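Here is how the chains run, residue by residue.
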Amino acid sequence: VPRPIAEEEIRQIPMLDGNFRYNLPLNFALTGRLGSNYITNLASIGASWNISYGRLALSVGDYSTLWYGFATMENSFDVSAIGWLNTPHVSLGFAFDEVLITVRAEVLYITARSTRVGDIEILSEKNTFAGGSIGVYTEQPFFRNTHILLGLKINNLSNAYQSWLAFSTFNDRLTYPEFSIGVIL
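Residues numbered from 1 in each chain as written. Predicted model: local features only at pLDDT ≥ 70, side-chain atom pairs only at ≥ 80, totals over all residues. Heavy atoms only, no water.

(A) The pairing of strand β3 (residues 40–53), seen in detail. Bridging between strand β2 (residues 28–36) and β3 involves nine bridges; their strand directions are antiparallel. Paired with Ser 36 across the two strands is Asn 41, which belongs to β3. Remark: three residues form the turn of the hairpin made by β2 and β3, two consecutive strands paired antiparallel; Tyr 38 in that turn has positive phi of roughly 80 degrees. Where β3 and strand β4 (residues 56–73) come together, 14 bridges link them in antiparallel fashion. (Pairing = 2+ DSSP bridges. Helix = DSSP H or I, 4+ residues; strand = E, 2+ residues; numbered from the N terminus.)

Listed below in structure tokens is the structure:
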């Protein structure tokens, strides 16, 4: 979470993330994602259309995400948030002999968001353009039939769902990095 949002209370908590893909006829695919760091949880479902020509690949898609966050402490603090996000995206990949490099661009729309303290809603927004991001990812063989993924995504967003617990009123667009490390089974 960028410092202007969280001010001095910065906690770097990685999210355990699982991504799934099911290929369909005519170069379509269904995608899914589940993620959690206990405080913030999400589930996504989407679709994409993919085509490749030689060593070049193109993917165009969209996914919707439901996220939920909660923080409850004994008899003193009870806050929760929930939101729907919509993320259209396009990816362009190039395959080298043993390495695949992908550049992915996406935009983020907040379809709905609500933050509550106890039973009182303190923040609500709908149908808001939050910004976009661009990422560069590499995949390469790792062990037997697995691959390792390394990625860097640069976000330019006015409202990151990860910052819901900061109660920020800061609404300027910020640029900040996001790192990914993964194993592809």
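What follows picks up the thread again.
(B) Expanded view of the side chain of Ser 91. For Ser 91, the location among the structural elements is in strand β5 (residues 77–95). Residue classification places Ser 91 among the buried residues on the basis of a relative accessible area of 10%. When neighbours within four sequence positions are excluded, Ser 91 is seen to be in contact with Ala 57, Leu 58, Ser 59, Thr 102, Val 103 and Arg 104. (Buried < 20%, exposed > 50% of the residue type's maximum accessible area, 1.4 Å probe, protein only. Contact = heavy atoms within 4.5 Å.)

(C) Focus on the sheet that holds strand β8 (residues 147–157). Strand order in this open sheet of nine strands is β1-β2-β3-β4-β5-β6-β7-β8-β9, and the pairing throughout is antiparallel. This sheet does not close on itself; its edge strands, each paired only once, are β1 (16–23) and β9 (174–184). For this sheet, the mean inter-axis angle between neighbouring strands, taken without regard to orientation, is 20 degrees. Strand direction decides the pairing type here: β1 and β2, joined by eight bridges, are antiparallel. When the sheet's bridge partners are listed, Asp 17 is paired in β2 with Gly 35. (Axes fitted to C-alpha atoms, helices over the stretch in contact; angles between N-to-C directions.)

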